[in-house]
Structures are given as C-alpha cells and as structure tokens.
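Each chain, written out:
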Amino acid sequence: RLMSRIIAGVIACCFAIAIIIPIMTLPFPIVIENGIHYYRSGDAYEIDVCNSSKKDIEIKDSVRGLPVTSIGYDAFRDCSSLTSITIPNSVTSIGEGAFRYCSGLTSITIPNSVTNIGRDAFNGCSSLTSITIPNSVTSIGYGAFFGCSELETINFEGTKAEWYAAIKYYWGNCTIVCTDGTIRK
C-alpha cells in the first residue's frame, strides 16, 4: 500500500511538472518597458498602450528578438506631455488614432519603412507645426491630420501624383511640399 501511494505521488508530480513547465515557458503576450505596452501578435510586436509621462520617446525596433512592426489603435492617445517621438525602421504601420489628441506633440520622425498612416492618426495634435512623410507611405487615412491647428507644412517625399494617390481625405490650409512642386490647400 505504501509503495502504491509513493508510485501514485511520483506519477502525479511528473504529470504536474509536464503541464507546468511548458506553460511557464510560453512567451507572454505583453511586454511593458518605459510605460509602453508592446503586444505580441504572431511573429512581431505592436504598440498597444503608452502610459508614459515622458516628453521624448524613442520606440524600440525589437522586443525579445521580434520586430516592432506597428503602432496600434489609439496607442498614444491623450499623451499630452509627449512632445517628440522617433519611430524605428521596423514599423510599417501607424494605426488609427495612434497619436490622437497628443496636444503637446511638436516633432515626429516617420521612417521609410512606414507604408500606412491610419485614420485620425494625428487628429488633435494641435502643436504639430510640420511633418515629413516618406514616399513609402501609400495610404493616409481619412482625417489623419484633422485638428492639427498649427500644422503649416507637410513635406511629402514623393510626387504630387503619389500624394493624391495616398491621401484618402485631407482638410486644412497647410502647404504640402512634394518633390515635383507644392500643393496649397
């Protein structure tokens, strides 16, 4: 009897270890660094939320060996203390409302890797005075710059035809400077 209890105990322990160890080695879907929540999605990370009060933020190009490829829906929404942000070359998409109501944002660097700027991405960034958009961007969502009351210039590193092909809707009185001329709205 004692021997069967010992054997049953050893089997139960082995079974528990066989279940617990694989669970413990699973990658966590969220990594939080410097107030930025990086959410794992397949073989890449997306910025999900920012709870940082920093003025200047430089987004990491990778987390745990995987690239950071997108800035998600409303990721930096209402980060009013944010004044500048640097996006790494790993990012290909700036999501819907990603920087919505970042009223202190004055400077942003968008790398050549970005192909999509989502709807309302910079809506309400009332301190943004100029922005440079690389010609890699082929889609700019509706109202991407709505509420950017101080925006005077958009420097687009492509042609006017490429700008018109990329933009879904544009409002405002700012100047769009393209490689082949200027568009005044």
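From a predicted model like this one, the values you see are computed outputs, not experimental measurements.

Caption draft 1: Layout of the overall build of the protein. If you tally the helices and strands in the protein, you get 2 helices and 15 strands. Within the protein, the proportion of its 185 residues that are buried is 42%. Counting contacts in the protein only where the partners sit at least 6 residues apart, residues at least 24 apart contribute 31% of the total. Summed over all atoms, the accessible surface of the protein reaches about 9800 Å², with 56% contributed by carbon and sulfur.

Caption draft 2: Expanded view of the packing of aromatic side chains. In total, this model carries 4 aromatic pairs according to the counting rule given. Seen in terms of ring centroids, Phe 76 and Phe 99 are 5.1 Å apart; in terms of plane orientation they differ by 15°. Their pairing is stacked. Linking Phe 76 in the loop between β6 (66-71) and β7 (84-86) with Phe 99 in the loop between β8 (93-94) and β9 (107-109), this pair joins segments that are 23 residues apart in sequence. Phe 99 carries the same exposure label as Phe 76, and that label is buried. Ring centres 5.4 Å apart and planes at 5° place the aromatic pair Phe 99 and Phe 122 in the stacked group. A residue pair is termed long-range when its members are at least 10 positions apart, and Phe 99 in the loop between β8 and β9 and Phe 122 in the loop between β10 (116-117) and β11 (130-134) qualify at 23 residues.

Caption draft 3: Highlighting a nonpolar patch on the surface. A contiguous nonpolar patch, built from Leu 2, Met 3, Ile 6, Ile 7, Val 10 and Ile 11 and spanning about 620 Å² of accessible area, is present on the exposed surface. As for its placement among the helices and strands, Met 3 is situated in helix α1 (residues 2-24). In this structure Met 3 comes out as exposed when scored by relative accessible area, which is 56%.

Caption draft 4: Structural context of the environment of Ile 131. Locating Ile 131 in the fold gives a position in strand β11. Under the relative-accessibility criterion, Ile 131 is labelled buried at 2%. Sequence separation of Ile 131 and Ile 176 is 45 residues, and the distance between their C-alpha atoms is 9.8 Å. Beyond its immediate stretch of four places on either side in the chain, Ile 131 contacts Ile 108, Ile 110, Phe 122, Phe 145, Leu 151, Thr 153, Ile 154 and Asn 155.

Caption draft 5: The arrangement of the pairing of strand β13 (residues 153-157) in detail. Only one face of β13 is buried, namely the one carrying Ile 154 and Phe 156, since none of Thr 153, Asn 155 and Glu 157 on the opposite face is buried. Bridging between β11 and β13 involves 5 bridges; their strand directions are parallel. Bridging across to β13, Thr 132 finds its partner in Asn 155.

Caption draft 6: Layout of the nonpolar core. Counting 49 residues, the largest nonpolar core has Ile 71, Phe 76, Ile 94, Phe 99, Ile 117, Phe 122 and Ile 133 as its most contacted members. Looking at this core, the elements that each hand over two or more residues are β2 (36-41), β3 (44-50), β6, β11, β13, α2 (160-166) and β14 (175-178). Apart from residues no more than four positions distant in its own chain, Phe 122 is found in contact with Ile 94, Phe 99, Leu 105, Ile 108, Ile 110, Ile 117, Ile 131, Ala 144, Phe 145, Phe 146 and Cys 148.

Caption draft 7: Up close: the pairing of strand β1 (residues 30-33). Relative to β2, β1 runs antiparallel, the two being bridged by 4 bridges. When the bridges of β2 are listed, Glu 33 appears paired with Ile 36. In sequence, β1 turns back onto β2 through a hairpin of 2 residues, with Asn 34 there showing a positive phi of about 55°.

Caption draft 8: Seen up close, the state of the cysteines. Going through the model one piece at a time under the given rule, you end up with 0 disulfides. With no disulfide of its own, Cys 102 has Cys 79 as its nearest cysteine by sulfur position, at a separation of 5.1 Å.

Caption draft 9: Fine view of the pattern of salt bridges. Considering all chains together, one arrives at 6 salt bridges under this definition. A salt bridge links Arg 77 to Asp 78; its shortest N-O distance comes to 3.4 Å. Since its relative accessible area comes to 34%, Arg 77 is described here as partly exposed. Judged by its relative accessible area of 47%, Asp 78 falls in the partly exposed class. Its salt-bridge partner being Asp 120, residue Arg 119 comes within 3.8 Å of it at the nearest N-O pair. A relative accessible area of 42% means that Arg 119 is categorised as partly exposed. With relative accessibility at 12%, the residue Asp 120 sits in the buried group. Through salt bridges that share partners, Asp 74, Arg 77, Asp 78, Arg 100, Arg 119 and Asp 120 make up one connected network.

Calculation notes
- Residues numbered from 1 in each chain as written.
- Predicted model: local features only at pLDDT ≥ 70, side-chain atom pairs only at ≥ 80, totals over all residues.
- Heavy atoms only, no water.
- Helix = DSSP H or I, 4+ residues; strand = E, 2+ residues; numbered from the N terminus.
- Buried < 20%, exposed > 50% of the residue type's maximum accessible area, 1.4 Å probe, protein only.
- Contact = heavy atoms within 4.5 Å.
- Areas by Shrake-Rupley, 256 points an atom, 1.4 Å probe, with all protein chains shown as cover.
- Phe/Tyr/Trp six-rings, centres within 6.5 Å; stacked < 30°, edge-to-face > 60°.
- Patch = residues over 30% accessible without salt bridge, like charges linked within 9 Å, V, L, I, M, F, W, Y side chains within 5 Å.
- Salt bridge = Lys/Arg side-chain N within 4 Å of Asp/Glu carboxyl O.
- Pairing = 2+ DSSP bridges.
- Core = buried A, V, L, I, M, F, W, Y, C linked by side-chain atoms within 4.5 Å.
- Disulfide = S-S within 2.5 Å.

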